[in-house]
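# Structural overview for review
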Amino acid sequence: MEEGRSDSVYSSGEEDLFAKQSLMRLRNAARWREQAQYISFEPALLVFCFAMSISEVVLANHIILQTCLVEGFDRSDCQLLNTDSNSSRRAMIETQVQPLAANVTMVIVIIKSVVPVLSALLLGAWSDRYGRKPAMLIASAGVLCSFVLLTLLAFLSMQVTLTPWYYTAAYLPFSVLGGMTVITAAAFSYLSDVTNEQTRTMRMGFMEASMMAGALLGFLASSYIVEWLNVAATFLIASVLILLAIVYIARFTEDSIILSNNNSAVEKLRDLLSCERLRELSGTFFMRRSGYVREILWSIVLLTGLTELAGGSGGVFYMFTRRKFGWDLKQFSYFQFTDVLIIIFGNVIGIPILKQVLHCSDTTVAIVSIASYIVDSLIMGFASSGWMLYLAISVTVLKGTDGAALMTICSTILPAGDMAKFFTMALSLTAVVPLVSAPLFTFVYNATIESLPEVFNFVAASVYGAALLLMFIITHLIRRFYQPELLL
């Protein structure tokens, strides 16, 4: 917005508050912008995602084996589940064990998705007042506690037979302290504090790419680690890596918020559960803002939810490739690796090209990304052979860049003091969406598997289409209410 303009989207009181917060934000950012110009929390996020990625598949398989033992089968019989045997004995064990194991896994997903919502929102509000780094360390401590418990349970299971339900309890510290929702929101809020509008989208894209790279490397390494060592050692490695990430955050990063009070640590923690934080949350989410800023923010949250809903088709995609193209697990793994690698390339290379070379706005980046998702889903739906799936991901390299663009838009129209509250709310709601998307696409796939197993791709494309329409509405609102730096 040009200096001296009188057609501000904010009321006079809001504008004064926004100006003061912006000035403080610039002063704080000046101190760290030079040292955080290229890197800040990215190494820690990469390590976090790597540690969780190497453990997720291993834990799922370990739960199946533990369930098998609890159901009364011999250990030698249970080891059949780790082989490629097609024997009737293995099929019988799978039939009896998988339903209970699936229930345990489902409860873990619910604990990791639903439970963190309230604590993440409270920590987000607390982070805007007391700093990004403390909130990240608190959430990281919960993650470390959960992985230490998983390690202990895995070592104990080598001596005695444990019910797999113990593993659900191990995730309670992770969830109660906000988990990755708080860690990610604090990191993106930090970037909003220390970057300017010219570099923010690229830095956020690079941070997302770091997280995807960590998850991808963990996915590739998990099978080798558990093969060379064992389940307990795998969890121990993950715990050590998480501890190293916490040490990195504590020793090698600085906060972007300078505290204006001298409250003790006990007072700060007590303030986390105060009624004032709840009032701040209510004000951030429901307070009417000039220029329909509130409507823009909630539209962006809905848009994020729609893209996450459409992304739930990935849960049945492996079964689709097996049925239509005869792919085995190795072929599918190669495809997944290529897909994620291309998305990382789009965030690291594509966003700078769009922003710096082509001078595209953030709304344009988001529109191109969502349109790429639509094209990707349609090509996969019409695909008649496996190479066409690779064609789909090759021509849609810019899908996945919408996250960084949308976060940049939010950080531009939001006061600095509301940043973490909004990010944690958006990420918390996004984390709950898979509880709806997974059953939806499973139902669609099961209903069409005999005649048209590819139909779920067109359902995903239609959801992305609704998201694209909503993105055009958001763009119109931004244009109408005087945000020229975000126009198409």
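This text gives an overview of the structure that appears in the document. (Residues numbered from 1 in each chain as written. Predicted model: local features only at pLDDT ≥ 70, side-chain atom pairs only at ≥ 80, totals over all residues. Heavy atoms only, no water.)

### Some words on the overall build of the protein
Across its full length, the protein holds 22 helices and zero strands. Sorting the 488 residues of the protein into buried and exposed places 53% on the buried side. Looking at the protein alone, contacts between residues at least 24 apart form 83% of all its contacts between residues at least 6 apart. As displayed, the protein offers around 21,900 Å² of accessible surface, 65% of which is attributable to carbon and sulfur atoms. (Helix = DSSP H or I, 4+ residues; strand = E, 2+ residues; numbered from the N terminus. Buried < 20%, exposed > 50% of the residue type's maximum accessible area, 1.4 Å probe, protein only. Contact = heavy atoms within 4.5 Å. Areas by Shrake-Rupley, 256 points an atom, 1.4 Å probe, with all protein chains shown as cover.)

### Brief notes about the pattern of salt bridges
Throughout the structure, instances matching the rule amount to five salt bridges. Connected through salt bridges with shared partners, the residues D339, D376 and K399 form a single ionic network. (Salt bridge = Lys/Arg side-chain N within 4 Å of Asp/Glu carboxyl O.)

### Section: the packing of aromatic side chains
Applying the stated rule across the entire model yields eight aromatic pairs. Measuring from ring centre to ring centre gives 5.9 Å for Y171 and F174, while their planes differ by 75 degrees; the resulting arrangement is edge-to-face. The exposure class assigned to F174 is buried, which follows from its relative accessible area of 5%. Between Y248 and F252 the ring centres are 5.9 Å apart and the planes differ by 35 degrees, which places this aromatic pair in the tilted class. With Y248 and F252 both in helix α11 (residues 231-252), this residue pair falls four residues apart, about one helical turn. Above the ring of F174, the side-chain terminus of K112 is found at 5.9 Å from the ring centroid. (Phe/Tyr/Trp six-rings, centres within 6.5 Å; stacked < 30°, edge-to-face > 60°. Lys NZ or Arg CZ within 6 Å of the ring centre and 35° of its normal.)

### Quick word on helix α5 (residues 116-130)
Across its 15 residues, α5 extends 20 Å between first and last C-alpha, which sits within 8% of the 21 Å expected from 1.5 Å per residue. Of all 15 residues that make up α5, 12 are buried, and the element is covered over most of its length. Regarding α5, the residues found buried are P116, S119, A120, L121, L122, L123, G124, A125, W126, S127, D128 and Y130. Looking at the residues trailing α5, positive phi occurs at G131, about 120 degrees. (Expected span 1.5 Å × (residues − 1).)

### Digging into the side chain of S140
Along the polypeptide, S140 turns up in helix α6 (residues 132-157). Residue classification places S140 among the buried positions, given a relative accessible area of 0%. When near neighbours in sequence (up to four residues on either side) are disregarded, S140 contacts F48, I183, I242, I246 and I249.

### Side note on the nonpolar core
Within the largest apolar cluster, 122 residues are counted, with the highest numbers of intra-cluster contacts made by F48 and M471. Inspection of this core shows a minimum of three residues originating in each of domain 1 (40-256 + 264-279) and domain 2 (287-487). If we ignore the near neighbours within four places in the chain, the residues touching F48 are S140, M180, I183, I242, A245, I246 and I249. C68, C78, I93 and V97 belong to the second-largest nonpolar core, a separate cluster that totals six residues. (Core = buried A, V, L, I, M, F, W, Y, C linked by side-chain atoms within 4.5 Å. Domains from an automatic or database assignment.)

### Re the packing of helix α2 (residues 42-70) against α11
At a minimum axis separation of 9 Å, α2 and α11 run at an interaxial angle of 160 degrees. Here α2 is positioned roughly antiparallel relative to α11, judged by the angle of their axes. Handedness of the α2/α11 crossing: left-handed. Of the residues in α11, those in contact with P43, A44, V47, F48, F50, A51, I54, S55, V58, L59 and H62 of α2 are V231, T234, F235, I237, A238, L241, I242, A245, I246, Y248 and I249. Per-class residue counts for the contact of α2 with α11 are 19 nonpolar, three polar and no charged. (Axes fitted to C-alpha atoms, helices over the stretch in contact; angles between N-to-C directions. Parallel < 35°, antiparallel > 145°, perpendicular 65-115°, else oblique. Left-handed = near helix turned anticlockwise from the far one by under 90°. Nonpolar A, V, L, I, M, F, W, Y, C, P; charged D, E, K, R; others polar.)

### Some points on helix α21 (residues 434-448)
Side chains three or four residues apart in an α-helix point the same way, a direct result of the helix having 3.6 residues per turn. Here α21 spans 21 Å end to end across 15 residues, near enough to the 21 Å set by a 1.5 Å rise per residue. Those residues of α21 lying buried are S437, F441, V444, Y445 and T448. Considered in projection along α21, the buried side chains sweep an arc of 95 degrees and stay on one side of the axis. Facing away from the buried side of α21, by more than 90 degrees, are the exposed residues V436, F443 and A447. (Arc of directions from axis to C-beta.)

### Here we look at the environment of F458
Inspection of the secondary structure puts F458 in helix α22 (residues 455-480). A residue is classified by how much of its surface remains accessible, and F458, at 28% relative accessible area, is partly exposed. When the C-alpha atoms of F458 and I374 are compared, they prove to be 8.8 Å apart, with 84 residues separating the residues in sequence. Setting aside anything within four residues of it in sequence, one finds F458 in contact with L378, G381 and F382.

### Quick word on the side chain of S157
Examined against the element boundaries, S157 turns out to sit in helix α6. Not counting chain neighbours up to four residues away, the residues in contact with S157 comprise H62, Q66, R75, L162 and Y167.

### Some details on unusual backbone geometry
If you check the backbone angles, H359 has positive phi at about 55 degrees while not being a glycine. Among the secondary structure elements, H359 is positioned in the loop between α16 (329-357) and α17 (362-382). According to the relative accessible area criterion, H359 is exposed, its value standing at 65%.

### Observations concerning the packing of α17 against helix α18 (residues 387-395)
Helix-helix packing: each pair is described by the crossing angle between the helix axes and the interaxial distance. α18 packs onto α17 with a crossing angle of 170 degrees between their chain directions and a minimal axis gap of 9 Å. If you check the angle between α17 and α18, you find them roughly antiparallel. Side by side, α17 and α18 meet where D376, I379, M380 and F382 of the first sit next to M388, L389, A392, I393 and V395 of the second. Of the residues belonging to the contact of α17 with α18, the class tally is eight nonpolar, no polar and one charged.

### Thoughts on the environment of L297
Along the polypeptide, L297 turns up in helix α14 (residues 293-311). Of the residues examined, L297 reaches a relative accessible area of 3% and is grouped as buried. Spatially, the C-alpha atoms of L297 and I474 are 9.0 Å apart, while their sequence positions differ by 177 residues.

### Looking at a nonpolar patch on the surface
Together, F206, F345, V348, I349, I353, V357 and L358 make up a nonpolar patch on the protein surface, roughly 600 Å² of accessible area in all. In terms of residues, the nonpolar patch owes the most to one element, α16, which gives five residues. With respect to the element layout, V348 can be found in helix α16. The exposure class of V348 is partly exposed, given its relative accessible area of 33%. (Patch = residues over 30% accessible without salt bridge, like charges linked within 9 Å, V, L, I, M, F, W, Y side chains within 5 Å.)

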